[in-house]
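Structural features, examined
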Amino acid sequence: MLHPSYSDLMKVVNSEVEPGEEKIVNSRYSIVMATAKRARQIIGGHEPLVRIKPGEKPLSIAVEELRQGKLKILGEEEAQEE
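So, here is what we can say about the structure in this document.

Cut-offs used in this document
Throughout, a residue's number is its position along its own chain's written sequence, starting from 1. Selection of residues for local features in this predicted model requires a pLDDT of at least 70, selection of side-chain atom pairs for listing and counting requires 80 or more, and totals for whole chains, interfaces and linings are taken over all residues. For side-chain calculations, the full set of non-hydrogen atoms in the structure is used, while hydrogens and water are omitted. Counting from the N terminus, the helices are DSSP H or I runs at least four residues long and the strands are E runs at least two residues long. Residue exposure ignores everything except the shown protein chains as possible cover, and the areas themselves are Shrake-Rupley values with a 1.4 Å probe. Here, nonpolar core means buried Ala, Val, Leu, Ile, Met, Phe, Trp, Tyr and Cys residues that are tied together by side-chain atoms lying within 4.5 Å of each other. Burial classes follow relative accessibility: with a 1.4 Å probe on protein chains only, a residue under 20% of its type's maximum area counts as buried, one over 50% as exposed, and anything between as partly exposed. In this analysis, two residues are considered to be in contact whenever any of their non-hydrogen atoms come within 4.5 Å of each other. Note on method: axes are straight lines fitted to C-alpha atoms, helices fitted across the in-contact stretch only, with angles between N-to-C directions ranging 0 to 180 degrees. Angles are sorted into four bins: roughly parallel if under 35 degrees, roughly antiparallel if over 145, roughly perpendicular if 65 to 115, and oblique for all others. Amino acid classes used here: Ala, Val, Leu, Ile, Met, Phe, Trp, Tyr, Cys and Pro are nonpolar; Asp, Glu, Lys and Arg are charged; the rest, including Gly, are polar. We define a salt bridge as a contact between a side-chain nitrogen of Lys or Arg and a carboxyl oxygen of Asp or Glu at a distance within 4 Å. Starting at the helix axis, one direction is taken to each C-beta atom, and the arc is that of these directions.

Before going further, it helps to examine the overall build of the protein. Counting its secondary structure elements, the protein contains four helices and zero strands. Secondary structure of the protein in N-to-C order comes out as α-α-α-α. Of the roughly 6,300 Å² of accessible surface on the protein, 50% is carried by carbon and sulfur atoms.

Counting residues in each nonpolar core, the largest one holds eight residues, listed as L9, M10, V13, V25, I31, V63, L66 and I73. Among the secondary structure elements, those contributing two or more residues to this core are α1 (6-13) and α3 (58-67). Top element by residues in this core is α1. It accounts for three residues. Each residue touching I31, except ones within four places of it in the same chain, is listed here: Y6, L9, M10, V13, V25, L66 and I73.

Moving on, we come to the packing of α1 against α3. Here α1 crosses α3 at 50 degrees, and the two axes come no closer than 9 Å. With respect to their mutual orientation, α1 and α3 come out oblique. Taken together, the residues of α3 that come into contact with α1 (itself represented by L9, V12 and V13) are V63, L66 and R67.

This part covers the packing of α1 against helix α2 (residues 28-43). Where α1 contacts α2, the two axes come as close as 10 Å, and the packing angle between them is 80 degrees. Taken together, the axes of α1 and α2 lie roughly perpendicular to each other. Contacts between α1 and α2 pair Y6, L9, M10 and V13 from the former with R28, I31 and V32 from the latter. Of the residues belonging to the contact of α1 with α2, the class tally is six nonpolar, no polar and one charged.

Another point: the side chain of E65. Secondary-structure assignment places E65 in helix α3. The contact partners of E65, leaving out residues within four places of it in the chain, are R38, I42, P48, L49, V50, K70 and L71.

Taken as a whole and judged by the stated rule, the model has two salt bridges. For R38, the salt bridge is made with E65, and the minimal N-O distance between the two is 2.6 Å. Here the residue R38 occupies a position in helix α2, and E65 occupies one in helix α3, the gap between them amounting to 27 residues. The two residues R38 and E65 agree in class, both being buried.

Another point: α1. Among all positions of α1, only L9, M10 and V13 are buried. Taken end-on, α1 shows its buried residues confined to a sector of 100 degrees, consistent with a single buried face. For α1, the elements touching its buried residues are α2 and α3.

Dropping the structure here:
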């Protein structure tokens, strides 16, 4: 089982969304895609944004970065602007 859970990660990602606004993440798929992309960046040489343990896998690092709010998943409009 993934710790933290998908719902916990979705709460972290959507924590800055004002009531009445559309949530940034509505599905587990978005969480999976974001952490997989970040894990590939870490494998490619990007520095982790959190403290890591020896032997920790890139996907675990990416999940922890998301849980700590170090990563930001962009909504569709924000992604198109960049």
